[in-house]
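# Inside the fold
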Amino acid sequence: MNKAINILDTAKNTLLSESESIKKLINYLTEDFEKAVEAILHCKGRLIVTGIGKSALIGAKIVATFNSTGTPSIYMHAAEAMHGDLGLIQPGDCIICISNSGNSPEIKVLAPILKRHNNKLIAITANENSFLAKSSDYILLSKVDREAELNNLAPMNSTTAQLVLGDALAACLIQLRQFTAEDFAMYHPGGALGKKLLLLVRNILKSENKPSVSPESSIQDVIVEISEKRLGVTAVVENDKLIGIITDGDLRRMLQKSNSLNDYKAKDIMSINPKHIDSNEHVSKALSILEDNSITQLLVTEDDKYVGVIHLHDILKEGIV
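Now for a description of the structure that goes with this document. (Residues numbered from 1 in each chain as written. Predicted model: local features only at pLDDT ≥ 70, side-chain atom pairs only at ≥ 80, totals over all residues. Heavy atoms only, no water.)

### Thoughts on the sheet that holds strand β5 (residues 138-141)
Backbone-to-backbone hydrogen bonds join strands into a sheet, with any given pair of strands oriented parallel or antiparallel. Applied cut-off: The rule for pairing is simple: two strands pair if DSSP sees at least two bridges between them. Working definition: helices are DSSP H or I runs of at least four residues, strands are E runs of at least two. Numbering for both runs from the N terminus. For every element, the axis is a line fit to its C-alpha atoms; helices are fit only across the contacting stretch, and the angle between N-to-C directions ranges from 0 to 180 degrees. Here, two residues are considered to be in contact whenever any of their heavy atoms come within 4.5 Å of each other.
The strand order across the open sheet built from five strands is β2-β1-β3-β4-β5, with neighbouring strands paired in parallel fashion. Bordering the open sheet on either side are β2 (73-77) and β5, each of which pairs with just one other strand. Taking each pair of neighbouring strands and ignoring which way they run, the sheet shows an average axis angle of 20°. Taken strand by strand, helix α2 (residues 31-41) contacts β1 (47-51), β3 (94-98), β4 (120-125) and β5, and its axis lies near 120° from that of β5. Along the sheet, helix α3 (residues 54-68) makes contact with β1, β2 and β3, crossing β2 at roughly 170°.

### Some points on helix α7 (residues 157-176)
Residue pairs three or four apart in sequence face the same way in an α-helix, which turns once every 3.6 residues. Our working definition: In this scheme, a helix's expected span is set at 1.5 Å multiplied by one less than its residue total. Partly exposed describes any residue whose relative accessible area lies between the buried limit of under 20% and the exposed limit of over 50%, with all areas from a 1.4 Å probe on protein chains only and scaled to the type maximum.
For α7, with 20 residues, the first-to-last C-alpha span of 29 Å sits near the 28 Å given by 1.5 Å per residue. For α7, the set of buried residues is Asn 157, Ser 158, Thr 159, Thr 160, Ala 161, Gln 162, Leu 165, Gly 166, Leu 169, Ala 170 and Leu 173. Positioned one or two residues after α7, Gln 178 has a phi angle of 55°, which is positive.

### Points about the sheet that holds strand β12 (residues 305-311)
Strand order in this open sheet of three strands is β10-β11-β12, and the pairing throughout is mixed. Among the strands making up the open sheet, the edge pair consists of β10 (276-278) and β12. Pairs of neighbouring strands in the sheet enclose a mean axial angle of 35°, with direction left out of account. Inspection of the sheet shows strand β11 (residues 297-302) paired to β12 by six bridges, in the antiparallel sense. Among the inter-strand pairings, Leu 298 is bridged to a residue of β12, identified as Ile 310.

Laid out in structure tokens, this is it:
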């Protein structure tokens, strides 16, 4: 039990240490951060992000964030840069170089070369007096008091600081570019997120399975239509216009009132003004309507004409929920 408590205490202390380091970064934000954002925003080329060691791994994640939020970026490992990858850098590109010390041998060799085309160089470093800082146009300080682990050796707080500065850059650029959820979806078409933001009702609508009856249809016809189409509902349609809906629940309630099917027609038991959605709306909106009204089927229209039914199961099959 004591061991479990010590493990939890260590975990809590690590999280607290890293969170405090992030909080203190606010004190190191200067006009250089604003200028760095503007430089990236108005960059005529690509954004190149490079680093060495653990900083390189942080750089790769920052690139992934930029690329998914509208800032074209390329990751270049500092060591590989010295062996041919410098060809990635073209005039007009902006460069972010990440190094905690800013004085590693690789960075000292690389920093001057990065600016050979007069490229704007942005440093993310904990040392404002480092070689990297002095070689850069803009300095983003990722300074921390110490690392989270007991020996103060393994990069933890320092790499977290680098990461959140990259996130802060991306967040500012998202706002300046007026990057929307729809834009985000275009870069994430796969998976539940992309489907939630992009998939339209018409994309999953099975138009061949379109239960419908007329207002004058007999109850027998209504039962057959609901049974054959196996959706638990049928639309009531007149001149291609949706005027009502009949569910299997409506049929049960009718049978509780009367034993004679001949006493009623479709118009007598239908619910008017049924919930419906246009086929060009997003599936996520259809899901919201279903959830808000505690129903499992939703009628679909297109240009005010009835075109089919979307079922909750159709949405669940797409993995959106």
